[in-house]
Amino acid sequence: MTWVAVSDPVPAGAAILGIGLGRDSRLLASGEDRRQRVWPAFEERSFDAFRSYYEYVPKGALALEYTLRLNQAGTFSLPPTRVEALYAPEVFGEIPNEKLEVFP
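The rules behind the values
- Residues numbered from 1 in each chain as written.
- Predicted model: local features only at pLDDT ≥ 70, side-chain atom pairs only at ≥ 80, totals over all residues.
- Heavy atoms only, no water.
- Pairing = 2+ DSSP bridges.
- Helix = DSSP H or I, 4+ residues; strand = E, 2+ residues; numbered from the N terminus.
- Core = buried A, V, L, I, M, F, W, Y, C linked by side-chain atoms within 4.5 Å.
- Buried < 20%, exposed > 50% of the residue type's maximum accessible area, 1.4 Å probe, protein only.
- Contact = heavy atoms within 4.5 Å.
- Salt bridge = Lys/Arg side-chain N within 4 Å of Asp/Glu carboxyl O.
- Patch = residues over 30% accessible without salt bridge, like charges linked within 9 Å, V, L, I, M, F, W, Y side chains within 5 Å.
- Areas by Shrake-Rupley, 256 points an atom, 1.4 Å probe, with all protein chains shown as cover.

Caption draft 1: Region of the structure containing the pairing of strand S4 (residues 49-56). Where strand S1 (residues 2-9) lies against S4, seven bridges are found, and the strand directions are antiparallel. When the bridges of S4 are listed, Thr2 appears paired with Tyr56.

In structure tokens, the structure reads:
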């Protein structure tokens, strides 16, 4: 499929590392496994989700890896992770996320 977007939600108060801003450290995100069959055309690391956009994704499994800093304790319910074709909105897939518990 061409032009595919993957959107993985992050819990409230968490920060996605690796963008190099402020107190962010690229060293903490250096352990991410970036050996993939496909490379993203663009990655978006926002406060609510990690999004990755691909020009082409072949059939098979696709794994994303990124580093997340959890800043507060609690139980978090997250919406499902979504993979969708950008120009064919009827083609998508969702994987439910389990509740995430962060202990102090």
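Let's pick the thread back up.
Caption draft 2: Examining the nonpolar core more closely. If you look at the biggest cluster of nonpolar residues, it comprises five residues: Val4, Val6, Val38, Tyr54 and Val57. Sequence-distant contacts of Val57, that is, excluding residues within four places in its chain, are made with Met1, Val4, Val38 and Leu62.

Caption draft 3: A look at the pattern of salt bridges. By the definition in use, this model includes five salt bridges. For Glu44, the salt bridge goes to Arg51, with nearest N and O atoms at 3.5 Å. With relative accessibility at 28%, the residue Glu44 sits in the partly exposed group. One salt bridge connects Arg82 with Glu84, and the closest N-O pair in it is separated by 3.5 Å. On the basis of relative accessible area, Arg82 is assigned to the partly exposed category, the value being 24%. Beyond isolated ion pairs, a larger network of salt bridges with shared partners links Glu44, Asp48 and Arg51.

Caption draft 4: Inspection of a nonpolar patch on the surface at higher detail. A cluster of nonpolar side chains, namely Trp3, Leu86 and Tyr87, defines an oily patch on the protein surface of about 350 Å² accessible area. Tracing the backbone shows Leu86 in the loop between strand S7 (81-85) and strand S8 (88-95). Exposure remark for Leu86: the relative accessible area of 37% places this residue in the partly exposed category.

Caption draft 5: Summary view of the pairing of S7. Inspection of the sheet shows S1 paired to S7 by four bridges, in the antiparallel sense. Directly across from Ser7, in S7, lies its bridge partner Arg82. Note: S7 against S8, five bridges, orientation antiparallel. Of the residues in S8, the one forming a bridge with Thr81 is Ile95. Here S7 folds back onto S8, and the loop between the two strands holds two residues.

It is worth stressing that arrangement in space is one thing and function is another; only the former is reported here.
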